[in-house]
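What follows is each chain in one-letter form.
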Amino acid sequence: YNIISNCVIEGQALATSSYARTVYIYYTGGNHYNELWNNRITGGYYGIYNYGYSSLPKQGTVIYGNEVDGFYYYGIYNYYQDSLTVKNNTITNGSNSNYPRGMYNYYCNNELEVTGNKILLTPSSYGYGMYVYYSSASSTSPGTIANNFISIDGGTSTNYGFYVYNSTYQNFYHNNVN
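An account of the accompanying structure is given in this report. (Residues numbered from 1 in each chain as written. Predicted model: local features only at pLDDT ≥ 70, side-chain atom pairs only at ≥ 80, totals over all residues. Heavy atoms only, no water.)

### Points about the sheet that holds strand β4 (residues 35-37)
Spatially, seven strands are ordered β1-β4-β8-β11-β14-β17-β20 in an open sheet, and the strand pairing comes out parallel. Sheet topology places β1 (3-5) and β20 (170-173) at the edges, where each strand pairs with a single neighbour. Within this sheet the neighbouring strands show an average axis-to-axis angle of 10°, counted without direction. (Pairing = 2+ DSSP bridges. Helix = DSSP H or I, 4+ residues; strand = E, 2+ residues; numbered from the N terminus. Axes fitted to C-alpha atoms, helices over the stretch in contact; angles between N-to-C directions.)

Shown next as C-alpha cells:
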C-alpha cells in the first residue's frame, strides 16, 4: 500500500545497463496495492520496473498519469501482476534507444486494464509499442486494453504497435497505432 505521487524521479541518463531502474518495485512478500500517480520519471534502462513473483503475483498495482521518458529499453515493465491498472501515462524513449519497448505486460492476469496511454517511440533499429505476453483473464472478467495511442517513428526494421502472444480474454477497443 505504498503511494508515490507528484514526484520528479531522475534516473541515469542514457543508461544501457539493465541494472539502471529509475523506479524499482520488487516483490518482497507483501508488496501489493502500490500506486504511482502523476510523477515525472526520466532516464534509466527501465523507467518503471514493476516485478512480481510467479507463485504469488503482485496485486492491485495502479500506474496512473505518469510521464515516463528518456528510458533506454523499457518504459513501463510489468511482470507477474494480478489486476494491474496502467492508465493515462505518456511514455517516450530516450534518444539512444535502439530497440525500445514502450510497455511490457508479461504474466499480467485477471482484469488487466491498460487505457488512455500515449506511447511515442523513435527507435534507431525497431520498436515495440506494447507487449501483452502470457496475460490471461476470464470470459466473465476480461482484460481491457482501450483508447491507447501508439506512434513509432523511424527505425531500420519492422516496428510493432501491439505484440500479443499467448494471452487470453484481453479485449482491445478503440486503440490507434501509427
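Back to the text.
### Re the pattern of salt bridges
In this structure the tally under the stated criterion is three salt bridges. Linking E67 and R40 is a salt bridge whose minimum nitrogen-to-oxygen distance equals 2.6 Å. With E67 in strand β9 (residues 67-71) and R40 in strand β5 (residues 40-42), the pair connects residues that are 27 residues apart, well separated along the chain. Owing to a relative accessible area of 36%, E67 belongs among the partly exposed residues under this scheme. Taking relative accessible area as the criterion, R40 reaches 34% and is therefore assigned partly exposed. (Salt bridge = Lys/Arg side-chain N within 4 Å of Asp/Glu carboxyl O. Buried < 20%, exposed > 50% of the residue type's maximum accessible area, 1.4 Å probe, protein only.)

### Some remarks on the nonpolar core
Counting 23 residues, the largest nonpolar core has I48, I76, M103 and M130 as the members making the most contacts within it. Those elements giving two or more residues to this core turn out to be β3 (21-26), β9, β13 (101-109), β15 (118-121), β16 (128-133) and β18 (149-152). Counting residues in hydrophobic clusters, the runner-up holds 16 residues, among them Y45, Y49, Y74 and Y133. (Core = buried A, V, L, I, M, F, W, Y, C linked by side-chain atoms within 4.5 Å.)

### Notes on the environment of N166
Note on placement: N166 falls in the loop between β19 (160-165) and β20. Residue N166 is classed as partly exposed on the basis of its relative accessible area, which comes to 48%. Taking the C-alpha atoms as reference points, N166 and V132, 34 residues apart in sequence, are found 8.5 Å from one another. With sequence-adjacent residues up to four places away left out, N166 is seen in contact with Y134 and S135. (Contact = heavy atoms within 4.5 Å.)

### What about the environment of D69?
With respect to the helices, strands and loops of the structure, D69 is situated in strand β9. Among the residues examined, D69 registers a relative accessible area of 16% and is labelled buried. When the C-alpha positions of D69 and P100 are compared, they lie 11 Å apart, and in sequence the two are 31 residues distant. Those residues in contact with D69 that sit more than four places away from it in its chain are R40, I41, T42, G43 and T92. Within the structure, the side chain of D69 is placed 2.8 Å from the side chain of R40, a separation counted as a polar contact. (Polar contact = N/O pair within 3.5 Å; in protein donor to acceptor, adjacent residues only side chain to side chain.)

All we've got here are geometric facts, nothing functional implied.
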